[in-house]
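# Commentary on secondary and tertiary structure
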Amino acid sequence: MALDLTEESHGNATGIGNADFTTRRLAEKIDWKPTAINTLTACAPNGAKLPLVFESDREAVENALNCIGLTPPSAPA
C-alpha cells in the first residue's frame, strides 16, 4: 500500500506498481514523465502500474485489510 508521495520525489512514483492499493492524493501527485523515464531506465515498466485508487487513507486501509482474510474474533469460522 502506498498512501502519499513526498515533496522530494518531485512526482516520481517509480515503484508504485509494487503496491496493491493507493490514495487519490498520491495518484494526483504522479508526474508520469519522470516515472516512465526511471522505470524504463531500470527495464522495469511494472514499477509504474497504478494500483487500485481510493479516496482516503481509511478507505485504502480498510479494503487492504478486507483482502488479507482476517476473521474478527467475534466471528470465528
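See the structure shown above.
This write-up is about the structure you can find in this document. This structure is a prediction, so every number in the text was calculated from the model and none was measured.

### A closer look at the overall build of the protein
- Assigned secondary structure in the protein consists of three helices and two strands.
- If you list the helices and strands of the protein from N to C, you get β-α-α-β-α.
- Over its C-alpha trace the protein gives a radius of gyration of 15 Å, far above what one expects of a compact globule, namely 11 Å for 77 residues.
- Oriented by its inertia axes, the alpha-carbon framework of the protein measures out at about 50 × 25 × 15 Å.

### Some details on unusual backbone geometry
- Phi at His10 takes a positive value of approximately 50°, unusual for a residue other than glycine.
- You will see that Cys43, though not glycine, has its phi angle at about 55°, which is positive.
- Relative to the assigned elements, Cys43 resides in the loop between α2 (32–41) and β2 (52–54).

Cut-off values and rules
- Residues numbered from 1 in each chain as written.
- Predicted model: local features only at pLDDT ≥ 70, side-chain atom pairs only at ≥ 80, totals over all residues.
- Heavy atoms only, no water.
- Helix = DSSP H or I, 4+ residues; strand = E, 2+ residues; numbered from the N terminus.
- Rg over C-alpha atoms; globule rule 2.2 N^0.38 Å.

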